[in-house]
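Tertiary structure, described
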Amino acid sequence: MSTLLRKWQLPFLMLGPFIILISLFFFLPVVLITVLAFTGMDSSMQWAFNGLSNFKHFINDPNIWHILRNTFTYVFFTLLINVFFGLVLGILTTYFIQKESVGLLFRTLWMLPRITPPVVYVLLWLWFFDPSQYGVLNSIRALMHLSPVKWLASNPMTAIILANGLIGASYGMIIFSSAIKSIPGDLFQAARVDGASQWAIIKDIIIPAVRWPLMFVTLWQLLSLLTSYEYILLLTKGGPLYSSEVLALYSYHKAFQNFEYGYGSALALVLVVVALIMSAILLKIFGMNKLMGSSRIE
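Quick caveat, the model's predicted, so the values are computed rather than measured.

**Focus on helix 14 (residues 261-285)**
A rise of 1.5 Å per residue sets the reference length of helix 14, with its 25 residues, at 36 Å; its end C-alpha atoms lie 36 Å apart and thus fit the reference within 8%. Directly after helix 14, the chain includes G287, whose backbone phi takes a positive value near 65°.

**Observations regarding the nonpolar core**
With 45 residues, the main nonpolar core has Y74, I206 and L235 as its most contacted residues. Considering every element that reaches this core, the biggest residue donor is helix 8 (residues 156-181), with nine residues. With near-sequence residues (within four places) excluded, I206 lies in contact with I91, Y95, I180, I183, F188 and I201. Of all hydrophobic cores here, the second largest spans 14 residues; its members include A37, L247, Y263 and V270.

**Description of the pattern of salt bridges**
This model, assessed by the stated rule, comprises two salt bridges. A salt bridge links D204 to K203; the shortest N-O distance between them is 3.0 Å. Residue class for D204 comes out partly exposed when judged on its relative accessible area of 48%. Between E260 and K254 there is a salt bridge, and its shortest N-O distance comes to 3.9 Å.

**A word on the UniProt feature "domain: ABC transmembrane type-1" (unreviewed entry) in the protein**
Look at the UniProt record and you will see "domain: ABC transmembrane type-1" (unreviewed entry) annotated at residues 68-282. The distance separating the terminal C-alpha atoms of residues 68-282 is 19 Å; by composition the span is 79% helix and 0% strand.

**Considerations on the layout of surface pockets**
The volume enclosed by the largest pocket comes to roughly 990 Å³. Secondary-structure elements contributing two or more residues to the lining of the largest pocket are helix 1 (2-36), helix 11 (211-227), helix 13 (247-256) and helix 14. Looking at side-chain class alone, the lining of the largest pocket contains 23 nonpolar, seven polar and no charged residues. Of the volumes computed, that of the second largest pocket is approximately 490 Å³. F72, V75, F76, L222 and M278 are, among the 21 residues lining the second largest pocket, the residues nearest its centre. Of all the secondary structure elements, the ones that give two or more residues to the lining of the second largest pocket are helix 3 (64-96), helix 11 and helix 14.

**Notes on the packing of aromatic side chains**
Counted by the stated rule, this structure contains 20 aromatic pairs. Between Y121 and Y231 the ring centres are 5.4 Å apart and the planes differ by 70°, which places this aromatic pair in the edge-to-face class. Here Y121 is found in helix 5 (residues 118-128), whereas its partner Y231 is found in helix 12 (residues 230-235), with 110 residues between them in sequence. Judged by centre distance (5.5 Å) and plane angle (40°), the ring pair of Y252 and F256 falls under tilted. Here Y252 pairs with F256, and both are found in helix 13, just four residues apart, close to one helical turn.

The rules behind the values
- Residues numbered from 1 in each chain as written.
- Predicted model: local features only at pLDDT ≥ 70, side-chain atom pairs only at ≥ 80, totals over all residues.
- Heavy atoms only, no water.
- Helix = DSSP H or I, 4+ residues; strand = E, 2+ residues; numbered from the N terminus.
- Expected span 1.5 Å × (residues − 1).
- Core = buried A, V, L, I, M, F, W, Y, C linked by side-chain atoms within 4.5 Å.
- Buried < 20%, exposed > 50% of the residue type's maximum accessible area, 1.4 Å probe, protein only.
- Contact = heavy atoms within 4.5 Å.
- Salt bridge = Lys/Arg side-chain N within 4 Å of Asp/Glu carboxyl O.
- UniProt positions renumbered as here; feature names shortened; annotations may be inferred.
- 1 Å grid on protein atoms, 1.4 Å probe; cavity = no way out; pocket = protein on both sides within 12 Å on 5 of 7 lines; lining within 4 Å.
- Points joined across faces, edges and corners; volume = space filled by probe spheres on them.
- Nonpolar A, V, L, I, M, F, W, Y, C, P; charged D, E, K, R; others polar.
- Phe/Tyr/Trp six-rings, centres within 6.5 Å; stacked < 30°, edge-to-face > 60°.

See the structure below:
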């Protein structure tokens, strides 16, 4: 027994604090939300178990199908920007821009919004979409003698997709840039000698080489978009009239604005189930079993 303890002493010492933090701030909240989802807890903080009442309320909620449609629209189009625009930026700054200092400068500038506090980042977008004549877009319209437009009121979903998509593309850009840099340069030289076009090099060399990072970024950004709502909360607050409300923000509003903790937890639990289903579908699409399989090269 003493030998076994000595064997696990160092791993426990090194990993123990992280395991405790993950248990407290990840696993314990999931357990708590699961339990709360089957209660009718409100501002009275009474643990009144009500079975599946919250999930029946979810099905009959008059706003839920509109919110689910918003969630799908937001996640789908923002994910396209995050992944494909991030891939384009990665290719541009590592393959087409051969000078490392220029590519590094571009990536650094594009990463600035990501390291900026969300409130500051959203303030810039609020200025960009400001409905007065002093907003960026309306200033451009004024040059063409056009009247100001209330952009956030008329196009709230477009605003949150752009705000989340452009900042999310920076993450994919960094991951894809690192993956492209790891491709041996001899492959590119051999392709050019054989007369391959730029598109052929991207399609036949770069894309297959970044398949792992592509799966990782897609899955990571999908889960992040399903559960994140801070930029939407700061930019539009889900309005006007639920036009930009997504499921994660709806759960937050129900729990912490309307004090329907039980129903808010049920919404969060539905979101967890949706995330698991979508993750399984993506792993199937990317062929996770083939990626994890042993190499057929002898």
